[in-house]
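Working through the structure, step by step
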Amino acid sequence: MYCGTARVEWKFRPESGTLAMCSPEEAALLRLEEVFSATLARINSLVLQPLLEAAPEASDPWVRECLQLLQQLHRSSQQLWDVTEESLHSLRERLRHPEAVGLESLLLLQSADRVLQVHLEYIESYTCCVAVQAFQKAAKRRSEYWRGQRKVLRQVLLGVSSEGSVGTALLQALRQPLSHHVQQYVLLLLSLGDTIGECHPTRELVIHAAGLFGDLQSFMRQELDQAMATQALWPTLSSRLRDVLCTPARRLLQDSQDVPVTVTPLRAERVLLFDDALVLLQGHNIHTFDLKLVWVEPGQDRCTFHLLTPEEEFSFCSKDPQGLVVWQWKVTQAVCQALRGKKDFPVLGAGLEPSEPPTCRCGAYTFRAEGRFCQATYEGEWYWGRPHGKGTLKWPDGRNHVGDFCQGLEHGFGIRLVPQASEDKFDCYKCHWWEGSMCGYGICEYSTSEVYKGYFQEGLRHGFGVLESAPQAPRPLRYTGHWERGQRSGYGVEEDSNRGERYIGMWQTDQRHGPGVMVTQAGVCYQGTFQADKMVGKVTFPNGFTLEGSFGSVSGRGLHTQGVLDTAALPPDPSSTCKRQLGQGVFPVESRWQGVYGPFRDFVRAGCPGDLREALLGFHVQSSRELRKSQEYLCCERTCPEDQVGRMEDILEELVQHREPKALQQCLRKALSNSLHPLGKLLRMLMLTFQATYAGIGANKHLQGLAQEEVKQHAQELWAAYRGLMQVALQRKGQAPEEDEDAETRDLRVHGLVLPLVLPSFYSELFTLYLLLHEREDSLYSQGIVHLSLFPDARLLEFLDVQKHLWPLKDLTLTTNQRYSLVRDKCFLSATECLQKMITTVDPREKLEVLERTYGEIEATVSRVLGREHKLPMDDLLPLLIYVVSRAQIQHLGAEIHLIRDMMDPLHTGGLYDFLLTALESCYEHIQKEDMRLHRLPSRWSSREPW
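Nothing here was measured: the structure is a model prediction, and the numbers come from that model.

1. What about the packing of helix H18 (residues 678–694) against helix H20 (residues 743–773)?
Look at H18 against H20: their axes get within 10 Å of each other, and the N-to-C directions meet at 5 degrees. The angle between the axes of H18 and H20 places the two elements in the roughly parallel class. Facing H18, whose interface residues are Leu683, Leu686, Met687, Phe690, Gln691 and Tyr694, H20 presents Val758, Ser761, Phe762, Glu765, Leu766 and Leu769. A per-class count over the contact of H18 with H20 returns nine nonpolar, two polar and one charged.

2. Observations concerning the sheet that holds strand S1 (residues 252–255)
Taken in spatial order, the four strands line up as S1-S3-S4-S5 in an open sheet, and their pairing is antiparallel. Two strands close off the open sheet at either side, each with one partner strand: S1 and strand S5 (285–290). Between one strand axis and the next, the sheet turns through 20 degrees on average, direction left out of account. Inspection of the sheet shows S1 paired to strand S3 (residues 270–274) by three bridges, in the antiparallel sense. Each bridged residue has a counterpart across the sheet, and for Leu252 the counterpart in S3 is Phe274. Most of the contacts of helix H9 (residues 203–233) go to S1, to which it runs at about 60 degrees, and overall it touches S1 and S3.

3. A closer look at the nonpolar core
If you look at the biggest cluster of nonpolar residues, it comprises 75 residues, and the most contacted ones within it are Tyr126, Phe135, Leu174 and Leu272. The residues contacting Leu174, other than those within four sequence positions of it, are Ile43, Val47, Leu48, Leu73, Tyr122, Tyr126 and Phe135. Of all hydrophobic cores here, the second largest spans 70 residues; its members include Tyr455, Ile651, Ala671 and Leu730.

4. Some words on the sheet that holds strand S8 (residues 313–317)
With antiparallel pairing, the four strands of this open sheet are ordered in space as S2-S8-S7-S6. The strands lining the two open edges of the sheet, one partner per strand, are strand S2 (262–264) and strand S6 (295–298). Taken over all neighbouring pairs, the strand axes of this sheet differ in orientation by 25 degrees on average, direction set aside. Sheet analysis places S6 next to strand S7 (residues 304–308), joined by four bridges and oriented antiparallel.

5. Here we look at a nonpolar patch on the surface
A surface patch of nonpolar side chains, about 250 Å² in accessible area, is lined by Met874, Leu912 and Phe915. Residue position: Met874 is located in helix H25 (residues 874–888). Owing to a relative accessible area of 35%, Met874 belongs among the partly exposed residues under this scheme.

6. Section: unusual backbone geometry
Each neighbour pair has its own omega, and for Thr264 with Pro265 the value is 5 degrees, a cis peptide bond. One can find Pro265 in the loop between S2 and S3. The backbone of Glu435 shows a phi angle near 50 degrees, a positive value even though the residue is not glycine. Along the chain, Glu435 turns up in the loop between strand S14 (426–434) and strand S15 (437–445). Backbone geometry at Glu458 places phi at a positive 55 degrees, although glycine is not the residue there. Position of Glu458 relative to the elements: it lies in the loop between strand S16 (451–457) and strand S17 (460–468).

7. Describing the pairing of S3
Each regular strand carries side chains that alternate between the two faces of the sheet. Among the five residues of S3, five are classified as buried, and the element is accordingly described as predominantly covered. Across the two faces of S3 the burial is the same, with Arg270, Leu272 and Phe274 and Val271 and Leu273 all buried. Where S3 and strand S4 (residues 277–282) come together, four bridges link them in antiparallel fashion. By the bridge assignment for S4, Leu272 is matched with Val279. Taking the residues that link successive antiparallel strands as the turn, the S3-S4 hairpin has two residues.

8. A few points about the pattern of salt bridges
Tallying each qualifying case throughout the model produces 36 salt bridges. Between Glu445 and Lys430 there is a salt bridge whose closest N-O contact spans 2.9 Å. Placement of the pair is Glu445 in strand S15 and Lys430 in strand S14, with a sequence separation of 15 residues. With relative accessibility at 0%, the residue Lys430 sits in the buried group. Measuring nitrogen to oxygen at the nearest pair gives 2.8 Å for the salt bridge that ties Asp602 to Arg605. On the criterion of helical spacing, the pair formed by Asp602 and Arg605 is a turn pair, its members being three residues apart in helix H13 (residues 594–605). Taking relative accessible area as the criterion, Asp602 reaches 43% and is therefore assigned partly exposed.

Reading the values: the criteria
Residues numbered from 1 in each chain as written. Predicted model: local features only at pLDDT ≥ 70, side-chain atom pairs only at ≥ 80, totals over all residues. Heavy atoms only, no water. Axes fitted to C-alpha atoms, helices over the stretch in contact; angles between N-to-C directions. Helix = DSSP H or I, 4+ residues; strand = E, 2+ residues; numbered from the N terminus. Parallel < 35°, antiparallel > 145°, perpendicular 65-115°, else oblique. Contact = heavy atoms within 4.5 Å. Nonpolar A, V, L, I, M, F, W, Y, C, P; charged D, E, K, R; others polar. Pairing = 2+ DSSP bridges. Core = buried A, V, L, I, M, F, W, Y, C linked by side-chain atoms within 4.5 Å. Buried < 20%, exposed > 50% of the residue type's maximum accessible area, 1.4 Å probe, protein only. Patch = residues over 30% accessible without salt bridge, like charges linked within 9 Å, V, L, I, M, F, W, Y side chains within 5 Å. Areas by Shrake-Rupley, 256 points an atom, 1.4 Å probe, with all protein chains shown as cover. Salt bridge = Lys/Arg side-chain N within 4 Å of Asp/Glu carboxyl O.

All quantities given are derived from atomic positions and should not be read as evidence of function.
Structure follows, in structure tokens:
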């Protein structure tokens, strides 16, 4: 061994292998590696091979385990020998060719971390054998052989006594060479470092390697001490406790018999701190706590500290403050080590990792205490002993829950599978949770093939929701409406596909109860009062008969009743019943869909908190396929930002930045078209209720009034929602809130700004109801249009009594063979084409603008004919407008006119638009008249005669 700093030059002779131009430290390293390699080979042949051969038959589990440990030690020893041989090779190359091979090529410097790892694996294998007395157990059956090997072992090792036990001799034989080898590594590397200049590029490599193996020395001593302490522990325990606690990898860190401590309230007789668990012994009971899920909290005084686990909370007390400090420090460091998942290197509690364990961590635990989580295994994130963050719960009965947790309870979005009695059948809940119960928006798919989409409270359907059965179900049903504590209550719509019926009305405790309207697929519509799912009241038939009593329907048997039939009454007047509307006075429009409006109002009233946004507004998935996949994989890829608070801030900021009329219109248009925006989500839910009520079976003319007032109400509620969001946005920016609107200003905003934006979402169903309601008049109008289309222009103008000086025939360019009487669809063509654009938009205001431009085109044509500007009086305007309407041939004009009238901005009442719409309505009524439809061309208007 060379410890000096002087450099000695050696001469190299190829024939003899002498060294030259290398430091004595490198030569010493070469000799050290040669000796260690030879020692490892001899230990393998003298100790490890005989130990494996001496191992008894592996019938006993403990014996099998000892044999496996010895085999692992043998593999580790072989790896150690291999890396030593590699080191030898690199040293020899360096010493033979010092000028060509640099110092950095040495394996000890180039791959110091790999060499260190091989040493660590050997130490781990060796200490595992020590902890469970594997050497003694394996050699027990050949004790005579080992006593005869003492002399050989003494030749290999120093200090092997002829009087000691065989086990002690084997321990020394497998430990002493390695300890000596590592010690010499450190000394030689430090000495080598002293011979290298400060700026030499290999100096850092040498210092790094010396530091690693210096740490290895400390680590090896600690590991050996812990292994010996663990080995000494097992004989002090009963065989039952030993069988439960003893594992090769487990190490004892502290024993209350060495440093006394008291645990309350458990009153443990003995406390054992292992590197993976804290064990409290209480009689025959063993309380084991996984260190990954142990939180250490310092006490208020120096005599106490507290431990928190998933189901237990207890305190460590001691009369000796110093002893308590030892326990607290060791428990804290053991928790840190367990969380890192590997042995601390270089020593326990040292290194770059923080010495304080994190309060937030991940782990798995099976609950034992009675309660909802009994026997369930939770795996995921924890905070101070409670599930907190993302995690998974699995019960023995097959239930699974994946989602967010807070302070030990399901809180936030989660998916739960609940198996049913039938094989491979389960209920799947994709829902928001609040303190352990479903609360907020959710989608639940049941084993019965029913699907519920809506709101929950305390684990029950509550608020607005849609329950729909599968189309192939024996009785396919769909309910859209309000729920209370799991039962249908309040206003709702149910459709029974088998019966071809739709019920619109009030519910109570899962039954139709209160005023309601029944619509059938055959077009029958009746209104009455329901009690316990049966209608009671009076029905009037077209022939005047009345039936008073209770009514009900049974699947496959039609309508059945019990009551009194009166055949004495006269038939009702058709003119008084054809436009009868149902439900308007019975279901106040502002109270029908409170379950939809309510969550949005509450959300705005609460200040639009980001953590409640998804729970109240619902989560969004890209497709139904993604939603179905969530059942199999217990995950749901929702389209929502990770930072929902930030997203909500962006939405509110955009509202503040777009308050001017034009900018506001664009901002609202963008918001309403976005399903992730609160306003867009609200609009889509209202569309859902509208379609559920008025599409399909609900397309009944007697529901038109009910529908049109709903659309207006929805526009009003959306404007109120916008105003609420704006107030929150201004409040967050510290600005003064907007002043309250009066009713007139609000109505102008709703009709002028919001209604045109939302009407397209309801237009299809709404216009269908207008078509049905005005079907008879539109049919008469269509007959009149067909008849008038037979007239040439000139004859139609004459038939309509349009004054001849207003006829624009002189504007037409005719060939010599044409007759004025044959001109068709050329007069007032610009006005006709303009009026036809009315059907290209759904906005009542734009339709009125089209009508105004049409009027302008008529006046412009007349002014051109007269050669001067001319304002048409009503007597002249009406026949000209009838002419243009007949040529435009707009289908269902009656439905168009009445929809415009109902949805028109109140600002236009009594103004020009109102006048023009009244004129158009008058034209529509004239064209329906019988004399207009039955008029025949006079014989003197023969097409062969000139006009």
